[in-house]
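# Structure at a glance
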Amino acid sequence: MKRFIALAFSVLALGSFTVHAQQPIVIKFSHVVAENTPKGKGALKFKEFAEERTKGRVKVEVYPNSALFKDGEEMEALQLGSVQMLAPSLAKFGPLGVREFEVFDLPYVFDNYDELHKVTDGPVGAGLFRKLEGKGITGLAYWDNGFKVMSANKPIHVPADYKGLKMRIQSSKVLGDQMKALGSIPQVMAFSEVYQALQTGVVDGTENPPSNFYTQKMQEVQKYLALTDHGYLGYAVIANKKFWEGLPSDVRTTLQGAMKDATRFANDIAKKENDDALEAVRKSGKTQILTLTAAQKAEMKKALVSVHKENEARVGKDTLAEVYKETGFKP
Ligand code: LMR
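If you're wondering where the values come from, they're calculated on a predicted model, not measured in any experiment. (Residues numbered from 1 in each chain as written. Predicted model: local features only at pLDDT ≥ 70, side-chain atom pairs only at ≥ 80, totals over all residues. Heavy atoms only, no water.)

When we look at a pair of aromatic rings, we describe it by the centre distance and by the angle of the planes. Tallied over the entire structure, the rule returns 10 aromatic pairs. A centroid spacing of 4.3 Å and a plane angle of 20° characterise the contact between Phe93 and Phe101, whose relative ring orientation is stacked. According to the relative accessible area criterion, Phe93 is buried, its value standing at 0%. Three or more aromatic residues joined by ring pairs form one cluster here, namely Phe104, Phe110, Tyr113, Phe129, Tyr142, Phe147 and Tyr232. The cationic tip of Lys45 hangs over the ring face of Phe265; the distance from NZ or CZ to the ring centre is 4.8 Å. (Phe/Tyr/Trp six-rings, centres within 6.5 Å; stacked < 30°, edge-to-face > 60°. Buried < 20%, exposed > 50% of the residue type's maximum accessible area, 1.4 Å probe, protein only. Lys NZ or Arg CZ within 6 Å of the ring centre and 35° of its normal.)

Right, dumping it as C-alpha cells:
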C-alpha cells in the first residue's frame, strides 16, 4: 500500500512539474496606436523575436489601439503590474512626475533623426531612464515615430491662422505652451478620443506625425494638413521594474537582445512609414496638404522657439544645455 501511495505522489509531482514547465512567462504589451505604424510594427517584431529566441518560454501579448489600456490609464496599469510593457510617447511622462522628458517636445529642437539619436543614445537618454527607476519603471529602448504636422479644418500657414483654434495635444505642458504661443487653445485628450473629438468639433485641430494622422483616419475629419515639421514624436519602451528584474537572468538577456533588434527594426522603418502615410493622405483626396513657404516656416519658428526659455526650469537647464550641445540648436 505504502509503495502505491508513494508512486501516486511521484506521479502527481511529475504531472504538476510538467504543467509548470509548460507555462510561459506572459508579457502583456499595451499601446495606443494602430498596428500599421512604426510603434505597432515594432511591438509585433519584439513579440516575434522574444517568442522565437526564448523557444516559447516567453509569450508576448500585444494589445494595440488602446484595446487594453488607453492614455491616462496605461502608466498606472504598468506600475501596478496589470501590464508588463508599454511604449508611451515621450510627451506623456509629465503626469508621472518625470517632466524632463518634455525636452523632446520642444519645437524645432531636432532637425532630423540623427540629431535625435545623439540625444536618446547618449547621456540624456540614459539619465531620463534613470529617473524612471524610482517610479517602479525600467526604460528599455527609445523608438522613433517622426516629425509632426499640424491639421485643422481651415487653412493654417502662419501663427495668426491658429488664433482661437482648440488644438488637441498630448499630456505635456511644453505642448500646451506651444499651442498657446500660436494663440490657440490646447486641449489634452487621450489619443483614442481624438478622431471623435475632431468629428464632433470638440476640438478643431491637432498635431501628430503622418503615420498617426493616417492610421487614425484623421483625413476623414480634417480638411487641411500643414507640413510644419515643427516638433518630434517618439517613444520610450518601458517595463514594470519588479517584473523585469524578477525574470530569470538568461531570459532577461535574451529579451534584451530581442528588444535591441526590434528597436533597430522600428527605427529603420519609421521615416518610410511616415512618408508612405503622407502619400496615402494625399491620394485620399480628403485632406488638402499645405506646403509652407520659407517665410511662413520662419514665422512659425519665431513664434514657437519662445517655448524653450519658458520651459528651461521644467525640462532642466542641464538637460536642455546637453540637448543643445548634441543637436547644435542655437536658441
Ligand atoms: C498621441 O497621443 O498623439 C501619440 O502619443 C500617440 C502615439 O503613441 O503615437
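We are not done yet, so read on.
Near the ligand there are 13 residues, and of these Lys39, Lys92, Arg168, Gln170 and Tyr235 occur at the shortest range. Interatomic distance of 2.8 Å between a side-chain N/O atom of Asn212 and an oxygen atom of the ligand. Surface burial for the ligand is 100%, taken as the share of its 270 Å² of free accessible area covered by protein chains. Of the residues in the shell around the ligand, the class split is 5 nonpolar, 4 polar and 4 charged. (Near = heavy atom within 4 Å. Polar contact = N/O pair within 3.5 Å; in protein donor to acceptor, adjacent residues only side chain to side chain. Areas by Shrake-Rupley, 256 points an atom, 1.4 Å probe, with all protein chains shown as cover. Nonpolar A, V, L, I, M, F, W, Y, C, P; charged D, E, K, R; others polar.)

With that settled, consider the sheet that holds strand β7 (residues 185-188). Within the open sheet, the 6 strands sit side by side as β7-β6-β8-β5-β9-β11. Their pairing is mixed. A single partner strand is all that each edge strand has here, and the edge strands are β7 and β11 (288-290). The average undirected angle you get between the axes of adjacent strands in this sheet is 25°. Where strand β6 (residues 166-169) and β7 come together, 4 bridges link them in parallel fashion. Bridge pairing links Met167 to Pro186 in β7. Helix α6 (residues 173-181) contacts β5 (149-152), β6, β7 and β8 (205-208) of the sheet and is inclined by roughly 160° relative to β6. (Pairing = 2+ DSSP bridges. Helix = DSSP H or I, 4+ residues; strand = E, 2+ residues; numbered from the N terminus. Axes fitted to C-alpha atoms, helices over the stretch in contact; angles between N-to-C directions. Contact = heavy atoms within 4.5 Å.)

These figures capture arrangement, not role.
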